[in-house]
Amino acid sequence: MEEAIVGGANNGADAHVPYMMFLPEPGMWKLDAYVDEKLFGTVFVKVHKK
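This write-up is about the structure you can find in this document. (Residues numbered from 1 in each chain as written. Predicted model: local features only at pLDDT ≥ 70, side-chain atom pairs only at ≥ 80, totals over all residues. Heavy atoms only, no water.)

This next bit is on the overall build of the chain. When you go through the chain residue by residue, the secondary structure sums to zero helices and two strands. Computed over the C-alpha atoms, the radius of gyration of the chain is 14 Å, more than 25% above the 10 Å expected from 2.2 N^0.38 for a compact globule of 50 residues. Counting only C-alpha atoms and orienting by the principal axes, one finds that the chain spans roughly 40 × 25 × 15 Å. With 50 residues in all, the chain has 2% of them scored as buried. Long-range pairs, those at least 24 residues apart, make up 4% of the contacts in the chain between residues at least 6 apart in sequence. Of the roughly 5200 Å² that the chain leaves accessible, carbon and sulfur atoms contribute 57%. One way to put it: in the chain the 5 positive side-chain charges average out to a point 19 Å from where the 7 negative ones average out. (Helix = DSSP H or I, 4+ residues; strand = E, 2+ residues; numbered from the N terminus. Rg over C-alpha atoms; globule rule 2.2 N^0.38 Å. Buried < 20%, exposed > 50% of the residue type's maximum accessible area, 1.4 Å probe, protein only. Contact = heavy atoms within 4.5 Å. Areas by Shrake-Rupley, 256 points an atom, 1.4 Å probe, with all protein chains shown as cover. Lys, Arg positive; Asp, Glu negative; His and termini not counted. Charge placed at Lys NZ, Arg CZ, Asp CG, Glu CD.)

Structure, rendered in structure tokens:
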């Protein structure tokens, strides 16, 4: 297994990985986070029309 290189502490987290995301349509989006191919958690994001 390879080790991931992550950044240092950020906004209360022990470590972080910078990532840019684009959600192309307004509405409720469900984002699933996986670690080692196992579901770690889910976040719902409400995207508004610009």
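Before going further, it helps to examine the pairing of strand S2 (residues 38–47). Side-chain direction in a regular strand flips from residue to residue, so the side chains alternate between the two faces of the sheet. Of all 10 residues in S2, one are buried; the element is thus mostly exposed. Two strands pair when backbone bridges link them, and strand S1 (residues 27–35) and S2 are joined in this way by nine bridges, in the antiparallel orientation. Counterpart to Ala33 in the pairing with S2 is Gly41. Between S1 and the antiparallel strand that follows it, S2, lie two residues; Asp36 among them carries a positive phi value of about 50°. (Pairing = 2+ DSSP bridges.)

This brings us to the environment of Lys46. Residue position: Lys46 is located in strand S2. We classify Lys46 as exposed; its relative accessible area is 57%. Measuring from C-alpha to C-alpha, the distance between Lys46 and Gly27 comes to 5.7 Å, with 19 residues separating the pair along the chain. Residues contacting Lys46, with those up to four places away along its chain left out, are Gly27 and Met28.

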